[in-house]
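Residues per chain, in single letters:
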Amino acid sequence: MRTLDKLIAPHLKLAPVLLKRAPTLTLAFDERRKSRLAATLDNGEEVAVLLPRGTVLRDGDVLVADDGGLVRVIAAPETVLVVRAKDALTLTRAAYHLGNRHTPVEVGADYLKLEYDPVLADMLKRVGATVDQVSMPFQPESGAYGGGHKHGHDESFAEDYALAQQVFGEHHGHGHSHGHEHEHAHDDGHGHGHGHTHGHADDHEGHAHDETCRNGHPHHHAHR
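Residues numbered from 1 in each chain as written. Predicted model: local features only at pLDDT ≥ 70, side-chain atom pairs only at ≥ 80, totals over all residues. Heavy atoms only, no water.

(A) Structural context of the pairing of strand β7 (residues 77-84). Judged from the eight bridges that link them, β7 and strand β10 (residues 130-137) form a sheet pairing that is antiparallel. Across the sheet, Thr-79 pairs through a bridge with Ser-135, a residue of β10. Of the pairings in the sheet, the one linking β7 to strand β9 (residues 112-115) comprises four bridges and is antiparallel in character. Within β9, the position partnered with Val-80 by the bridge is Glu-115. (Pairing = 2+ DSSP bridges. Helix = DSSP H or I, 4+ residues; strand = E, 2+ residues; numbered from the N terminus.)

See the structure below:
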């Protein structure tokens, strides 16, 4: 099985004849944002995609295999919502509300495009936008989804994180899991407490410790 482990920079122009001969790899957006992926080329060849973490492939990108061969990426049609509005203000409001929800969005001159979601479709209609469900390639803005910044969605991230936590547990004697709720209760005489929920933090079971704050008050942390 060949491994596709290099991405040719978009500004580097290849001879059209090379691109024409290159086999293609058609992927939906969720697959194009995975840095490690078992995939099948459009000609039936099975390959492994192994790219730097944070890489998000776009339509027309060219990958290089470990044997020097080229593979051209095609963005697959998928079910998306195309959002339009009667004026720029309404479209801007729609973009604002989507941004508040950290939703991947493709931005056009007079439209927004996002993955199909009936709840978001209803919200967009409520702010005055028109929403059409269609099948089209989806290429959202890459700012928050590229550059190596991950939120635990990448499968390889989860695998690496689990391995790291296993090693940590062997040395520290307590288990960790991906995705837990983590509460702090402060007993410092002020009668206040607060909870924290972390997207990819640890699960501390039966682990508690006391600290002394700088002002001399006892500071108790209870981890659940």
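Read on for the rest.
(B) Spotlight on the pattern of salt bridges. Tallied over the entire structure, the rule returns six salt bridges. Its salt-bridge partner being Asp-67, residue Arg-2 comes within 3.2 Å of it at the nearest N-O pair. Here the residue Arg-2 occupies a position in strand β1 (residues 2-7), and Asp-67 occupies one in the loop between β5 (62-65) and β6 (70-75), the gap between them amounting to 65 residues. Its salt-bridge partner being Asp-30, residue Arg-33 comes within 2.6 Å of it at the nearest N-O pair. Judged by relative accessible area, which is 24%, Arg-33 ranks as partly exposed. (Salt bridge = Lys/Arg side-chain N within 4 Å of Asp/Glu carboxyl O. Buried < 20%, exposed > 50% of the residue type's maximum accessible area, 1.4 Å probe, protein only.)

(C) Main features of unusual backbone geometry. Positive phi outside glycine occurs at His-102, with the angle close to 55°. Relative to the assigned elements, His-102 resides in the loop between α3 (88-100) and β8 (106-107).

(D) Just the nonpolar core, in detail. Within the largest apolar cluster, 15 residues are counted, with the highest numbers of intra-cluster contacts made by Val-83, Leu-98, Leu-112, Leu-114 and Leu-124. Elements with a contribution of two residues or more to this core: β7, α3, β9 and α4 (118-126). By residue number, the principal contributor to this core is α4, which donates four residues. The contact partners of Leu-98, leaving out residues within four places of it in the chain, are Thr-103, Val-105, Leu-112, Leu-114, Leu-120, Met-123 and Leu-124. The next biggest cluster of nonpolar side chains, apart from the first, holds 14 residues, and it includes Val-49, Leu-57, Val-71 and Val-73. (Core = buried A, V, L, I, M, F, W, Y, C linked by side-chain atoms within 4.5 Å. Contact = heavy atoms within 4.5 Å.)

(E) Highlighting the environment of Pro-10. With respect to the element layout, Pro-10 can be found in the loop between β1 and α1 (16-21). Sequence separation between Pro-10 and Asp-61 is 51 residues; the distance between their C-alpha atoms is 6.9 Å.

(F) Spatial organisation of the confidence of the model for the chain. Predicted confidence across the chain gives a mean pLDDT of 76, with 63% of residues reaching 70 or more. Here residues 219-224 is a poorly scored stretch, pLDDT under 50, and it has 31 contacts once near neighbours within four places are set aside; other chains count. (pLDDT = per-residue confidence, 0-100.)

(G) Spotlight on the sheet that holds β1. Pairing within the open sheet is mixed, and its six strands lie in the order β2-β6-β5-β1-β4-β3. The sheet is open, and its two edges are formed by β2 (24-27) and β3 (36-40), each paired on a single side. Along the sheet, successive strands turn relative to each other by an average axial angle of 35°, direction set aside. Of the pairings in the sheet, the one linking β2 to β6 comprises four bridges and is parallel in character. Bridge assignment links Thr-24 to a residue of β6, and that residue is Arg-72. (Axes fitted to C-alpha atoms, helices over the stretch in contact; angles between N-to-C directions.)

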